[in-house]
Amino acid sequence: MNNFSLSPRMKWVADLLGKNDTVADIGCDHGKLSVYLLQNNLAKSVIATDISAESLEKAKKLAEKEGIEGISFFVGDGFDAVNKTPDAAVICGMGGDVIAKIIAHPRAQTRLVLQPMKDSDILFQALFDYGFSIEKEKIVREDNRFYEIILAVPGKMEKFDFSLAPLDKMICDCDAVAFFKHKKSVLQKAFSSAQNTKSDRGNARAKELKERISVLERVITDVEGK
Ligand SMILES: C[S@@+](CC[C@H](N)C(=O)[O-])C[C@H]1O[C@@H](n2cnc3c(N)ncnc32)[C@H](O)[C@@H]1O
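Residues numbered from 1 in each chain as written. Predicted model: local features only at pLDDT ≥ 70, side-chain atom pairs only at ≥ 80, totals over all residues.

S.K.: What should I look at first to understand the domain arrangement of the chain in this one?
M.R.: A common measure of how large an interface is: the accessible area buried when the components associate. Taken domain by domain, the chain comprises domain 1 (8–174) and domain 2 (177–225). The straight-line distance from the C-alpha centre of domain 1 to that of domain 2 is 25 Å. On the domain 2 side, the residues contacting the 10 residues of domain 1 number 10 residues. Broken down by class, the residue content of the side of domain 1 that touches domain 2 amounts to 6 nonpolar, 1 polar and 3 charged. (Domains from an automatic or database assignment. Contact = placed C-beta atoms within 7 Å. Nonpolar A, V, L, I, M, F, W, Y, C, P; charged D, E, K, R; others polar.)

S.K.: It is not clear to me how helix H3 (residues 53–66) should be interpreted in this structure. Could you clarify?
M.R.: Residues separated by three or four positions in an α-helix point in the same direction, a consequence of the helix having 3.6 residues per turn. Its 14 residues place the ends of H3 20 Å apart at the C-alpha level, agreeing with the 20 Å of an ideal helix rising 1.5 Å per residue. Among all positions in H3, only Leu56, Ala59, Leu62 and Ala63 are buried. Along the axis of H3, the buried residues cluster in a sector spanning 115°; they form a single face. For H3, exposure combined with an orientation more than 90 degrees from the buried face picks out Ala53, Glu54, Lys61, Glu64 and Lys65. (Helix = DSSP H or I, 4+ residues; strand = E, 2+ residues; numbered from the N terminus. Expected span 1.5 Å × (residues − 1). Buried ≥ 20, exposed ≤ 12 C-beta atoms within 10 Å, placed from the backbone. Arc of directions from axis to C-beta.)

S.K.: Would you mind going over the site of the ligand with me for this structure?
M.R.: Gly27, Asp29, Ser55, Cys92 and Gly93 are the nearest of the 16 residues found near the ligand. Secondary-structure elements contributing two or more residues to the shell around the ligand are strand S2 (43–50), strand S4 (88–94) and helix H4 (96–102). Looking at the shell around the ligand residue by residue, the class counts come to 7 nonpolar, 6 polar and 3 charged. (Near = placed C-beta within 6 Å.)

S.K.: Even after reading the chapter, I still don't get the packing of helix H6 (residues 176–197) against helix H7 (residues 200–225), so can you show me in this structure?
M.R.: If you want to describe how two helices pack, look at the angle between their axes and the distance between the axes. For the pair H6 and H7, interaxial distance at closest approach is 9 Å and the crossing angle is 160°. With respect to H7, the element H6 is oriented roughly antiparallel. Crossing angle aside, the handedness with which H6 passes H7 is left-handed. Grouping the amino acids of the contact of H6 with H7 by side-chain chemistry returns 14 nonpolar, 4 polar and 8 charged. (Axes fitted to C-alpha atoms, helices over the stretch in contact; angles between N-to-C directions. Parallel < 35°, antiparallel > 145°, perpendicular 65-115°, else oblique. Left-handed = near helix turned anticlockwise from the far one by under 90°.)

S.K.: Is there a simple way to think about unusual backbone geometry in this case?
M.R.: Note on backbone geometry: most residues besides glycine have negative phi, and most peptide bonds are trans. Unlike most non-glycine residues, Asn41 shows phi in positive territory, near 55°. Relative to the assigned elements, Asn41 resides in the loop between helix H2 (32–39) and S2. Taking the number of C-beta atoms within 10 Å as the measure of exposure, Asn41 has 8 and is therefore exposed. Non-glycine residue Asp119 carries a positive phi angle of around 50°. Checked against the element boundaries, Asp119 lands in the loop between strand S5 (111–116) and helix H5 (120–129).

S.K.: Any chance you could explain the sheet that holds strand S1 (residues 20–26) here in plain terms?
M.R.: Pairing between the strands of a sheet comes from backbone hydrogen bonds, and it takes one of two forms, parallel or antiparallel. Across the sheet, 8 strands lie side by side as S3-S2-S1-S4-S5-S7-S6-S8; this open sheet has mixed pairing. Bordering the open sheet on either side are strand S3 (71–75) and strand S8 (170–172), each of which pairs with just one other strand. Sheet twist, expressed as the average angle between the axes of neighbouring strands with direction ignored, equals 15°. Inspection of the sheet shows strand S6 (residues 132–142) paired to S8 by 3 bridges, in the parallel sense. Residue pairing for S8: Glu137 is matched across the bridge by Met170. Strands in contact with H5 are S5, S6 and strand S7 (145–154); relative to S5, the strand with the most contacts, it is inclined by about 160°. (Pairing = 2+ DSSP bridges.)

Dropping the structure here:
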């Protein structure tokens, strides 16, 4: 038993992760997931990392309080702080653009559970470009927010439109149309801010987002028409 609670989002992360020998919890912050995995025999050892020494300190304190051994702690950027390819890695609660950079590392070629807070389209594109295949995407609604939790494994997948995960891989316990509409509003906001940068990069991102919004609009029309 533990003395802390894991949010529904984090419980799904653990569920998609399954049972592994070594898990890297990259950007572990509070360390709840690292501790939970060991307490529930879902991992034999955990490599807990964070780019911030202060954040990692929270994880160390929690492990100590819970009397958990089996976690190695490292400060560093993404997989630079992980000294071997783990059996699985979790990268949650960061921007999709940040996660996309982290998974470019050769040691990222493993079972991945990813939860982007924004820019999931950038992450989908990176998964495709780096030769991963999306096995599942779970959509979780918690405190009126939608979270996308992606399970990806090494292996080429067919090219898809990056506005959404492939629909046949998506598990949505909540209202799917509400989720698609939410995604559309998120992409629209990203489109406006990309346009406002008035830079070449911003213009290219705005063009990309415009296409992805059109795809989402077609999906919404299709689903609502059924
Ligand atoms: C919002 S917290 C998420 C904590 C936890 N993973 C979760 O989902 O609840 C994001 C954490 O990622 C860390 N982080 C951000 N960029 C990182 C990177 N490139 N490598 C490792 N950690 C990073 C931050 O320092 C912060 O502690």
